[in-house]
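Spelled out, the chains give:
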Amino acid sequence: MKRALGDLESTIMDRMWAYRRPASVRDVLEDLRKEREIAYTTVMTVMDKLHTKGLLRREPVGRAYVYEPISTKEAYTAELMRHALAASGNQAATLVHFLERLTPEEATALEAALQVFPFGGSRRP
């Protein structure tokens, strides 16, 4: 099963998704240092791991890399949800439990999504 990101991985990916542009380790480091003390090598290692996991692509620029997300946060989250559902023993029961726990806001979002992607006679691959 695909695992969720660790705390620092998640924080860095949130920054990368928010930037909406390529960013260097130094860019992310300076941003993170506004909230906490963190070493350059720590950020570099985590961003390299995110690249290895297929979440960030990177291009060499001088002696460093510039990174950008491979997909949107929404697409990543959807993939986690799909993997969790696929790993459940009973997908129908899992979906029922999921739906039972939706907040009113989440139910509204689900209804809006079903307007965009209706399930019925024709399904997209």
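Residues numbered from 1 in each chain as written. Predicted model: local features only at pLDDT ≥ 70, side-chain atom pairs only at ≥ 80, totals over all residues. Heavy atoms only, no water.

Trainee: Please set out the pattern of salt bridges residue by residue, giving values where relevant.
Mentor: One pass over the full model with this rule turns up 10 salt bridges. Note that Glu9 is salt-bridged to Lys53, the shortest N-O span being 2.6 Å. Here Glu9, found in helix H1 (residues 7-19), pairs with Lys53, found in the loop between helix H3 (40-52) and strand S2 (56-61); they are 44 residues apart in sequence, far enough to count as distant. The exposure class assigned to Glu9 is buried, which follows from its relative accessible area of 13%. Each of Arg15, Asp31, Lys34 and Glu35 takes part in a single network of salt bridges with overlapping partners. (Salt bridge = Lys/Arg side-chain N within 4 Å of Asp/Glu carboxyl O. Helix = DSSP H or I, 4+ residues; strand = E, 2+ residues; numbered from the N terminus. Buried < 20%, exposed > 50% of the residue type's maximum accessible area, 1.4 Å probe, protein only.)

Trainee: Explain the packing of H1 against H3 to me, using residue names and the numbers behind them.
Mentor: Where H1 meets H3, the closest approach of the two axes is 10 Å, and the angle between their N-to-C directions is 80°. Considering their axes alone, H1 and H3 lie roughly perpendicular with respect to each other. The residues of H3 that touch H1, namely those facing Leu8, Glu9, Ile12, Met13 and Met16, are Thr42, Val43, Val46, Met47 and Leu50. The class makeup of the residues in the contact of H1 with H3 is 8 nonpolar, 1 polar and 1 charged. (Axes fitted to C-alpha atoms, helices over the stretch in contact; angles between N-to-C directions. Parallel < 35°, antiparallel > 145°, perpendicular 65-115°, else oblique. Contact = heavy atoms within 4.5 Å. Nonpolar A, V, L, I, M, F, W, Y, C, P; charged D, E, K, R; others polar.)

Trainee: Lay out the packing of H1 against helix H2 (residues 25-32) in plain terms, naming residues and giving numbers.
Mentor: Any two packed helices are characterised by the angle at which their axes cross and by the distance between the axes. One way to put it is that H1 packs onto H2 with a least axis distance of 11 Å and a crossing angle of 110°. Judged on the interaxial angle alone, H2 and H1 are roughly perpendicular. Listed contacts from H2 to Leu8, Thr11, Ile12, Arg15, Met16 and Tyr19 of H1 are Asp27, Val28, Asp31 and Leu32. Residue composition of the contact of H1 with H2, grouped by class: 6 nonpolar, 1 polar and 3 charged.

Trainee: Tell me about H3, and please be specific about residues and values.
Mentor: With 13 residues, H3 should cover 18 Å at 1.5 Å per step; its first-to-last C-alpha distance of 18 Å lies within 8% of that length. If you check which residues of H3 are buried, you get Val43, Val46, Met47 and Leu50. Projected down its long axis, H3 carries its buried residues within an arc of 100°, all on one side. If you follow the buried residues of H3, they end up packed against H1, strand S1 (23-24), H2, S2 and strand S3 (64-69). (Expected span 1.5 Å × (residues − 1). Arc of directions from axis to C-beta.)

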